[in-house]
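Commentary on secondary and tertiary structure
Residues per chain are reported as follows:
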Amino acid sequence: MTSTASSAKKITCSRSYALVEMEKRLSIWINDELERNMPLSQAILMEKAKSIYAHFQSQDPDVMESFAASRGWFDRFKKRYNLYNLKITGEAASVDTGAAAAFPASFKDVVDRGSYPPEVVFNVNETRLFWKRMPSRTFISREQKRVPGFKVAKKRLTLLVGGKASGDFPIKPLLVYHSQTPRAMRGISKSSLPVVWKANRKAWITRDISTQWFTDHFCPSVQRYCWRKGLEEKALLIMDNAASHLTNLAELPTCIAVEILFLPPNTTLLIQPMDQGVIATF
């Protein structure tokens, strides 16, 4: 049996075509501005909404309804498009935009010099997943005064995910957990998992794990791919300059020639491919 708060209401309303289209275009504009790391305030969004709507009116004489971009409209727009206010952290401010802007040219030089087709240009990046963490905020009905608290769960794992420029060969993710064989995985063969399973006490990707992943998993899988596609056995691997990534990976004895290209410091927020929605989607 379910119950509904006594204050809950069902509201239906008809919204004009111009208003719907304006909000769609405003949403696209917001995404473009966020890609450029531009901070957006409520006042900026309201002014942009009025500007887009005024453009609709100038183009279509049938759009007679006025639009004032009220606070009530803005609150409803936020809910419709899942917007929320977020405090800007120091990471974006420390991004080296100059190095990020210069990197594509140097990357092209490396690709041209090595004659690397998109099929052998790879990129990887790591992320942490707090797989038992509960949300820190919640919605409640007006009848409720508070919700019980809980102890924050900090169990985590680290993932190394990647892909390549042509997009037809996803790299098997590397997963690092604090336990080599959790209770739920007893009797399960690690080789049957859709990830490369590693473990250490802090669930971090260490230098030893990076080396093992590179020599025992990445290089052989790329070599097999080149065999199947009839490609020259070589690869270009782009990665960030995290401490866990060995700078001499390209010098290790491997079954295939791999050139390593490190992203400039403080640029991953702008030019790391895995940070452009890939990790979030995964």
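Above: the structure in question.
Report follows, based on the coordinates. Computed from a prediction, not measured in an experiment: that's the story for all the values here. (Residues numbered from 1 in each chain as written. Predicted model: local features only at pLDDT ≥ 70, side-chain atom pairs only at ≥ 80, totals over all residues. Heavy atoms only, no water.)

This brings us to the overall build of the protein chain. Assigned secondary structure in the protein chain consists of eight helices and six strands. In the protein chain, the succession of helices and strands from N to C terminus is α-α-α-α-α-β-β-β-β-α-β-β-α-α. Here the contacts in the protein chain between residues at least 6 apart in sequence split such that 64% fall between residues at least 24 apart. Working note: accessible area of the protein chain is about 18900 Å², and carbon and sulfur atoms make up 54% of it. (Helix = DSSP H or I, 4+ residues; strand = E, 2+ residues; numbered from the N terminus. Contact = heavy atoms within 4.5 Å. Areas by Shrake-Rupley, 256 points an atom, 1.4 Å probe, with all protein chains shown as cover.)

In this section: the pattern of salt bridges. Tallied over the entire structure, the rule returns eight salt bridges. Between lysine 50 and glutamate 47 there is a salt bridge, with the nearest N and O atoms lying 3.1 Å from each other. Note that lysine 50 and glutamate 47 are positioned in helix H2 (residues 42–59) at a spacing of three residues, about one turn of the helix. Note on lysine 50: relative accessible area 31%, which makes it partly exposed. Salt-bridge contacts for lysine 108 lead to aspartate 112; the nearest nitrogen and oxygen are separated by 2.8 Å. (Salt bridge = Lys/Arg side-chain N within 4 Å of Asp/Glu carboxyl O. Buried < 20%, exposed > 50% of the residue type's maximum accessible area, 1.4 Å probe, protein only.)

A few words on helix H6 (residues 207–229). For H6, built from 23 residues, the straight-helix expectation of 33 Å at 1.5 Å per residue is met to within 8% by its first-to-last C-alpha distance of 31 Å. Two residues or fewer past H6, glycine 230 is found with a positive phi of approximately 70°. (Expected span 1.5 Å × (residues − 1).)

It is worth spelling out the pairing of strand E1 (residues 121–129) at this point. Each regular strand carries side chains that alternate between the two faces of the sheet. Of the pairings in the sheet, the one linking E1 to strand E5 (residues 234–239) comprises three bridges and is parallel in character. Among the inter-strand pairings, phenylalanine 122 is bridged to a residue of E5, identified as leucine 237. By the bridge criterion, eight bridges tie E1 to strand E2 (residues 157–164) in an arrangement that is antiparallel. Across the sheet, residue asparagine 125 finds its bridge partner in E2, namely valine 161. (Pairing = 2+ DSSP bridges.)

With mixed pairing, six strands are arranged side by side in an open sheet as E4-E3-E2-E1-E5-E6. Two strands lie at the open edges of the sheet, namely strand E4 (196–199) and strand E6 (257–262), each paired on one side alone. Adjacent strand axes in the sheet meet at a mean angle of 20°, parallel and antiparallel pairs treated alike. On the sheet, H6 packs against E1, E2, strand E3 (174–177), E4, E5 and E6 and is oriented at approximately 135° with respect to E5. (Axes fitted to C-alpha atoms, helices over the stretch in contact; angles between N-to-C directions.)

Turning our eyes to something else, we now look at the nonpolar core. One finds Phe122, Trp213, Phe214, Phe218, Leu237 and Val258 to be the most contacted residues of the largest nonpolar core, which totals 35 residues. Mapped by element, the contributors of at least two residues to this core are helix H5 (97–114), E1, E3, H6, E5 and E6. Per element, the largest residue contribution to this core is eight residues, and it comes from H6. Leave out the neighbours within four places in its chain, and phenylalanine 122 touches Gly163, Lys164, Phe169, Ile171, Phe218, Val222, Ala235, Leu236, Leu237 and Ile238. The next biggest cluster of nonpolar side chains, apart from the first, holds 18 residues, and it includes Met22, Trp29, Phe67 and Ala69. (Core = buried A, V, L, I, M, F, W, Y, C linked by side-chain atoms within 4.5 Å.)

Over its 18 residues, H5 extends 26 Å from the first C-alpha to the last, a length consistent with the 26 Å expected when each residue adds 1.5 Å. In the structure, H5 departs most strongly from a straight axis at phenylalanine 103, where the bend amounts to approximately 35° and where the proline proline 104 lies between one and four residues downstream. Buried residues of H5: Ala100, Phe103, Val110, Val111 and Gly114, and no others. Its buried side turned inward, H5 meets E5, E6 and helix H7 (268–271). Once H5 finishes, serine 115 follows within two positions and takes phi at roughly 50°, a positive value. (Bend = angle between axes of the 7 residues up to and from the residue.)

This part covers unusual backbone geometry. Even without a glycine there, the phi angle at serine 115 is positive, about 50°. Mapped onto the elements, serine 115 comes out in the loop between H5 and E1.

Applying the stated criterion across every chain yields a total of twelve aromatic pairs. Ring geometry for phenylalanine 103 against phenylalanine 107: centres 6.1 Å apart, planes inclined by 20°, an arrangement best described as stacked. In this pair, phenylalanine 103 and phenylalanine 107 are both assigned in helix H5, four residues apart and thus about one turn of the helix distant. Phenylalanine 107 gets classed as partly exposed once you look at its relative accessible area, which sits at 24%. (Phe/Tyr/Trp six-rings, centres within 6.5 Å; stacked < 30°, edge-to-face > 60°.)

As a further point, take the environment of tyrosine 53. Secondary-structure assignment places tyrosine 53 in helix H2. For tyrosine 53, a relative accessible area of 3% puts it in the buried group. Considering only alpha carbons, one finds tyrosine 53 and valine 20, 33 residues apart in sequence, at a separation of 10.0 Å. When sequence neighbours within four positions are dropped, the list of residues in contact with tyrosine 53 reads Ser16, Ala18, Leu19, Met22, Val63, Glu65, Ser66 and Phe67.

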